[in-house]
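Here is what each chain is made of, one letter per residue.
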Number of protein chains: 2
Amino acid sequence: MTDDQRYIQPEVLERFLGNLFERGGMSTTDAAYCADCMVKTNLWGVDSHGVLRMPIYLKRLLSGVINAKPDIKPLKDSTGPIALIDGDSGMGYIVGRAGMKLAIEKAKTHGIGMVLARNSNHYGAAALYAREAVEAGMIGISTTNVIPNIGMKGSKRPSTGNNPIAMAAPLCEDFPFVLDISLSAVAGGKLLLAAKKGEKIPTDWAVTSDGKETDDPVAGFAGFLLPVGMHKGFGLSLFIDLITGVLSGGPFLHDLKSMYKHAEDPSLTSHLFLAIDPEIFLTREEYEQRVQQWAAMVHGSEMVDPAVKQVIPGEIEFNREQERKASGIPMPEDLIKELAAYGTELDVQLPGVLVQ
Amino acid sequence: MTDDQRYIQPEVLERFLGNLFERGGMSTTDAAYCADCMVKTNLWGVDSHGVLRMPIYLKRLLSGVINAKPDIKPLKDSTGPIALIDGDSGMGYIVGRAGMKLAIEKAKTHGIGMVLARNSNHYGAAALYAREAVEAGMIGISTTNVIPNIGMKGSKRPSTGNNPIAMAAPLCEDFPFVLDISLSAVAGGKLLLAAKKGEKIPTDWAVTSDGKETDDPVAGFAGFLLPVGMHKGFGLSLFIDLITGVLSGGPFLHDLKSMYKHAEDPSLTSHLFLAIDPEIFLTREEYEQRVQQWAAMVHGSEMVDPAVKQVIPGEIEFNREQERKASGIPMPEDLIKELAAYGTELDVQLPGVLVQ
């Protein structure tokens, strides 16, 4: 049954999630914002970070671990381009919205805005916030620390997080440039897929639970993932933990809490939001003209198969979004059941699920 | 003969390089700065970017392609945290020094400083500039675009650069945190090493000159390198090219010039320099205490072999520096001959080369 899935219309899913968030104690506006974030994420095809996370969010909201009505405020008065905010244990989406909004305001005044947020929770896809900058005509970066879940070869246990980072820029095409990556060699899902197919995995993907080299996807999934490019991804991850966790005054590395393993504890994650206004360097017309030339040059890359076009980060997500707006969002049967049960408990209906 | 090498004392090499730069038309101060940059790079063990590059730098200085006395100036008046400077075709080291100096000044006033430089040349190891920020007690980032030399699987030709990026932060240990990476899967030198050993290479390291998959290091070296983590490194590279080349108003991607293939043309590279003052978020004492706790946690990572310690980026370079200050800097015999010939031509001596 676990492979079965059904398709649900985005607007139906969004209303359902919004209602659940509201039942979890959030304001109508905040609930709608969170639901919008999650549905967008699924529309882009990033199913690891969309509705799949709803059960744990809801569980934590209902238990009060996540503060449904956080008082997100600056920890220091700042009229300059930098700020530090306290997330007050709120939903990561709400802290993220506040962080990038402030970074954008600062970039409007100063050309650049950098905001750190501490005392937050899982904030979904980092691309959400980098894209907010693009909506304001700016270049955006967002990243976050997470609990240690990767380590170098030779580590017995994970020593740092796969700290996701997103970068986005207006392209003046149908879609913006959006890169959203984590710092593990591959996603855990790739190991599950290899296991299902009975394939071996390269030994630079994962190690066993005792840190031993393995080409067995099952042993690797039971162990932990290695960093992308080994010392490259490891170093990037450490730097991100330092500039989010250390610099924000929040917890770092092993002092963070997994929302799954420690469902009763706040995650204590710290995020970074950076916005840069291109108009500090170029006129809007110059930027638009130059970035279009740039995109055309990337698209014009000479390929082995001339029928294949080099895509730009963000393009696949844009195409997926068009498809899924038509087809609906695929949801595993198990997840539908789990959410429907929450719906029954909280008196919220999930109508209109389309059978595949 | 090509594997033969001799050791030279750092201070001797630095004086020799400084004299050569001066004969190339640079001021005594600028010449000494460039020589210092190159010797430091060799001391850290980054031999791909130290004295190895001297012949091409000198050739370009002597021909006038590199402007020995550049007038590096802001392209726009800026009292805020952001600036754009014109490198006036100067040595990359000199443009880099100016760029990070300005970023640090701005960070002192605003908490953050971001400077873009265009119209520059090869600036050596990106770590040089990130480390300048650390010298000022700050966190530093530097990156640059370079000519397309990597591409995605499926590309027939390289489509973007391996754009190096460095990040540094004070650790309040013997050494600072310094990560300096390029965005290819591995360095070309690793292919040469595999070829010498008669080993095959993983198919995600490089492709043939026609973009075809290969596990042959010779064919891979004759072809081009693949990005680290494939779409991850590729996307990072494109983003760096966009925020340096597009945003600075300089050339980007295929409009850049290789200093080797186009020795008679300026490289036209653009760099980014970012400095962040930790004291905008924490007191100096808080930062020092927290970052030391952080470093201790990384060093305390549980390892498969308890005798092995997890190193922090920058630590290997620090240790190498201590070793090489004692042993001298290894230089290939061929390079010594090439530089000695320049020395004879320009009436500069290279004394004190130690035979291995």
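Residues numbered from 1 in each chain as written. Chains lettered and ligands numbered in written order. Predicted model: local features only at pLDDT ≥ 70, side-chain atom pairs only at ≥ 80, totals over all residues. Heavy atoms only, no water.

### Brief notes about the overall build of chain A
No. 1: Within chain A one finds eleven helices and twelve strands.
No. 2: The C-alpha atoms of chain A give a radius of gyration of 21 Å, which matches the 21 Å a tight globule of 356 residues would have.
No. 3: In terms of principal-axis extent, the alpha carbons of chain A reach across some 55 × 50 × 45 Å.
No. 4: Long-range contacts, defined as pairs at least 24 residues apart, comprise 69% of the intrachain contacts of chain A with a sequence gap of at least 6.
No. 5: On chain A, roughly 13900 Å² of surface is accessible, and the fraction owed to carbon and sulfur atoms is 51%.
No. 6: If you average the places of the 34 positive and of the 44 negative side-chain charges in chain A, the two averages end up 5 Å apart. (Helix = DSSP H or I, 4+ residues; strand = E, 2+ residues; numbered from the N terminus. Rg over C-alpha atoms; globule rule 2.2 N^0.38 Å. Contact = heavy atoms within 4.5 Å. Areas by Shrake-Rupley, 256 points an atom, 1.4 Å probe, with all protein chains shown as cover. Lys, Arg positive; Asp, Glu negative; His and termini not counted. Charge placed at Lys NZ, Arg CZ, Asp CG, Glu CD.)

### Focus: the domain arrangement of chain A
No. 1: Each assigned domain of chain A is listed here: domain 1 (1-63 + 328-356), domain 2 (70-184 + 228-299) and domain 3 (186-226).
No. 2: The centre of domain 1 of chain A, based on its C-alpha atoms, is set 30 Å off from the matching centre of domain 3 of chain A. (Domains from an automatic or database assignment.)

### Thoughts on the relation of the copies chain B and chain A
No. 1: The two copies are related by a screw motion: chain B maps onto chain A through a turn of 180° and a shift of 0.0 Å along the axis, at an RMSD of 0.0 Å. Seen this way, the second copy is the image of the first under a two-fold rotation axis. Minimal C-alpha distance to the rotation axis in chain B is attained by Gly229(B), lying at 3.1 Å. (Least-squares fit on C-alpha atoms with pLDDT ≥ 70 in both.)

### Section: the side chain of Thr160(B)
No. 1: Relative to the helices and strands, Thr160(B) is located in the loop between strand 5 (139-144) and strand 6 (165-169).
No. 2: Only 2.7 Å separates the side chain of Thr160(B) from the side chain of Ser237(B), close enough to count as a polar contact. (Polar contact = N/O pair within 3.5 Å; in protein donor to acceptor, adjacent residues only side chain to side chain.)

### A few points about the environment of Gly211(A)
No. 1: Relative to the elements of secondary structure, Gly211(A) occurs in the loop between strand 8 (206-207) and helix 7 (217-222).
No. 2: Judged by its relative accessible area of 8%, Gly211(A) falls in the buried class.
No. 3: In this structure the C-alpha to C-alpha distance between Gly211(A) and Phe224(A), which are 13 residues apart in sequence, comes to 7.7 Å.
No. 4: Excluding its chain neighbours within four sequence positions, the residues that come into contact with Gly211(A) are Ser155(A), Lys156(A), Phe224(A) and Val304(B). (Buried < 20%, exposed > 50% of the residue type's maximum accessible area, 1.4 Å probe, protein only.)

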